[in-house]
Structure formats: structure tokens, C-alpha cells
Amino acid sequence: MTAVFSHGRLRLYLLKLLDDGPKHGYELIRLLEERFLGLYAPSAGTIYPRLQRLEAEGLVSHTAGGGRKTYSITEAGRGELRQRADELTVLEADIAASVADLATLAGQERGAASGATRDLKRQVNGATRQTRRTRWEPPTPQARPASSGGPDADPLDEFDKRLSAFAAEVGRLARARPFSDTQLRTAARLLDGTLDGLRRLLR
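Residues numbered from 1 in each chain as written. Predicted model: local features only at pLDDT ≥ 70, side-chain atom pairs only at ≥ 80, totals over all residues. Heavy atoms only, no water.

Engineer: Explain the nonpolar core to me, please; I cannot follow it from the model alone.
Structural biologist: Considering soluble globular proteins, one finds that nonpolar side chains tend to be buried as a cluster. Within the largest apolar cluster, 25 residues are counted, with the highest numbers of intra-cluster contacts made by Phe5, Tyr13, Leu14 and Leu32. Of all the secondary-structure elements, those providing two or more residues to this core are α1 (9–19), α2 (25–35), α3 (44–56), β3 (68–73) and α5 (85–133). Per-element tally for this core: the top contributor is α1, with 7 residues. Setting aside its immediate chain neighbours within four residues, Tyr13 contacts Phe5, Leu32, Arg35, Leu88, Leu91, Glu92 and Ile95. (Core = buried A, V, L, I, M, F, W, Y, C linked by side-chain atoms within 4.5 Å. Buried < 20%, exposed > 50% of the residue type's maximum accessible area, 1.4 Å probe, protein only. Helix = DSSP H or I, 4+ residues; strand = E, 2+ residues; numbered from the N terminus. Contact = heavy atoms within 4.5 Å.)

Structure (C-alpha cells):
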């Protein structure tokens, strides 16, 4: 749970959200995720026990239907909101500051991941160039084994195609979603190991 909701402040914010209208648990989770621009979302294990405690204290009630509970604030809950209006104002300001901090941190992490992705691409391109430089020619055309491309296919052309496809696929995977620096460094080490293996094979 994000630090802005420490010391029981989440229950106050849940009352605030329910004061806008009845909601079931996953609606509350979604609204909180939207409030934090998708950078934080409480788990069901965080929300539902608090709703149960609020209900036990008479601050919310629920109705059941369609296999889910819909929670509504009670008059006692509205009374607590009125009593803690100043605290809610401070909480809203703290949430806005927390969202700004999280957005800045996420931007920094994306920048670091982008740099690590560029490093990974350089590793792939370097491996491709190095492997092509170490290509070998068999003594005679007759000595070349047949490739999967057919009896007349040039195995070096086949090798080039597979190497290009490999580089393209690694690049696609690196761009598919954000990766941590650790994941990208591990992937780069795997590429280094593959290149070393090819060097040993083609010597």
C-alpha cells in the first residue's frame, strides 16, 4: 500500500469515494488506480477487509446482487467525513504530490529501461556483425551440406537469414514491453554467451 494511505487514511478515502455513490469493491480498486494514473492499485486483500471493518463500525452498508456486494456510505459515514473534512483536504493534496512523485519516478525508470534496451540492441547488432565476419567457406561447393531451404540452397545464405530473423526477434522482444535493467543485462549476457559459442564453433 502506498505510504500516502498510512495511519488509516485509506478508510477515509474509501468513505470519500462511496460518498460519490454506491460501488462494489473492484470499482473502488479501479477508481484508486485511475487516481494514481495506473502507477498504483490496491489489491483486493487491501480493500475488502477495510470495507468489512467500515461496515462493522456502521459507516457503510452493502447490498448483494449478481454475485457481488455493492457498498454504500451511511449517515454515520457521512458524519465522519464532515468531522474529518480538513484531514481529507490534506489527504487529497498528499495524493496529488504522491502521484507527481510516482510519475517522475516512472519516467526515470522508463528512461533507464530505454537506455538498457539500446544497449541490448547494440549487443545484438554487434553479435550479428561479428558472426558475419567470422563466416567460413567450405573447400568446394560440393562439400556444402544441404540446408532446410532445399538441395541447392546456399547454407551461408540460410545462416544469414536465420541470423537476421534472430536479431529481429530479439529486437521485437526488447520493445514489446518495459523491462527492468536487470532483465536487459541478463539478456545481454545471454547474447554474449551465444556469440562466444559461435566464435568457438567457427574458428
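Engineer: Could you clarify how one ought to interpret α3 in this entry?
Structural biologist: For an α-helix, the turn length of 3.6 residues means that residues three or four places apart are oriented alike. For α3, with 13 residues, the first-to-last C-alpha span of 18 Å sits near the 18 Å given by 1.5 Å per residue. Looking at α3, one finds that the buried residues are Thr46, Ile47, Leu51 and Leu54. Taken end-on, α3 shows its buried residues confined to a sector of 115°, consistent with a single buried face. With respect to the buried face of α3, the exposed residues turned more than 90 degrees away are Gly45 and Ala56. Of the surrounding secondary structure, the elements contacted by the buried residues of α3 are α1, α2, β2 (60–65) and β3. At the exit of α3 stands Gly58, carrying a positive phi of roughly 80°. (Expected span 1.5 Å × (residues − 1). Arc of directions from axis to C-beta.)

Engineer: Any chance you could explain the sheet that holds β2 here in plain terms?
Structural biologist: Strand pairing in a sheet takes place through backbone hydrogen bonds and is either antiparallel or parallel in direction. Ordered in space as β1-β3-β2, the 3 strands form an open sheet in which the pairing is antiparallel. With partners counted over all chains shown, the strands left at the sheet margins are β1 (23–24) and β2, one partner each. In the sheet, β2 pairs with β3 via 6 bridges, with the strands oriented antiparallel. By the bridge assignment for β3, Val60 is matched with Ile73. Together, β2 and β3 form the strand contacts of α3, whose direction differs from that of β2 by roughly 115°. (Pairing = 2+ DSSP bridges. Axes fitted to C-alpha atoms, helices over the stretch in contact; angles between N-to-C directions.)

Engineer: Please explain the pattern of salt bridges as it appears in this structure.
Structural biologist: Opposite charge on two side chains makes pairing possible when the charged atoms of those side chains draw close. Counted according to the given criterion, the structure contains 9 salt bridges. Close ionic contact of Glu34 with Arg30 constitutes a salt bridge, the shortest N to O distance being 2.9 Å. With Glu34 and Arg30 both in helix α2 and 4 residues apart, this pair spans about one turn of that helix. The salt bridge partner of Glu75 is Arg78, with a shortest N-O separation of 3.2 Å. Taken together, the residues Glu75 and Arg78, both in helix α4 (residues 75–83) and 3 residues apart, mark about one turn of the helix. A cluster of three or more residues bridged by salt bridges with shared partners is formed by Arg11, Glu57, Glu80, Arg84 and Glu87. (Salt bridge = Lys/Arg side-chain N within 4 Å of Asp/Glu carboxyl O.)

Engineer: Please explain the packing of α2 against α3 as it appears in this structure.
Structural biologist: Describing two packed helices takes the angle between their axes plus the distance from one axis to the other. Across the interface, α2 lies against α3 with an axial gap of 10 Å and an inter-helix angle of 120°. Accordingly, the angle class assigned to the pair α2 and α3 is oblique. Once α2 is placed against α3, the crossing between them reads as right-handed. Taking contact as the criterion, the partners of Gly25, Tyr26, Leu28, Ile29 and Leu32 in α2 are, on α3, Ala44, Ile47, Tyr48 and Leu51. Residue composition of the contact of α2 with α3, by class: 8 nonpolar, 1 polar and no charged. (Parallel < 35°, antiparallel > 145°, perpendicular 65-115°, else oblique. Left-handed = near helix turned anticlockwise from the far one by under 90°. Nonpolar A, V, L, I, M, F, W, Y, C, P; charged D, E, K, R; others polar.)

Engineer: Help me understand the environment of Lys23, please; the structure alone is not making it clear to me.
Structural biologist: Tracing the backbone shows Lys23 in strand β1. For Lys23, a relative accessible area of 10% translates into the label buried. With 48 residues separating them in the primary sequence, Lys23 and Tyr71 have C-alpha atoms 5.4 Å apart. If near-sequence neighbours (up to four positions away) are discounted, Lys23 is found in contact with Leu17, Leu18, Leu28, Leu31, Lys69, Thr70 and Tyr71. Among the polar contacts made by the side chain of Lys23, one reaches the main-chain carbonyl oxygen of Gly21 at a distance of 2.8 Å. (Polar contact = N/O pair within 3.5 Å; in protein donor to acceptor, adjacent residues only side chain to side chain.)

Engineer: Honestly, the packing of α1 against α3 in this entry has me stumped. Any pointers?
Structural biologist: Packing of α1 against α3 brings their axes to within 10 Å, and their N-to-C directions diverge by 80°. By the angle between their axes, α1 is roughly perpendicular relative to α3. In this structure, α1 uses Leu10, Arg11, Leu14, Leu15 and Leu18 to contact α3, whose residues at the interface are Thr46, Ile47, Arg50, Leu51 and Leu54. Here the residues of the contact of α1 with α3 are counted per class, giving 7 nonpolar, 1 polar and 2 charged.

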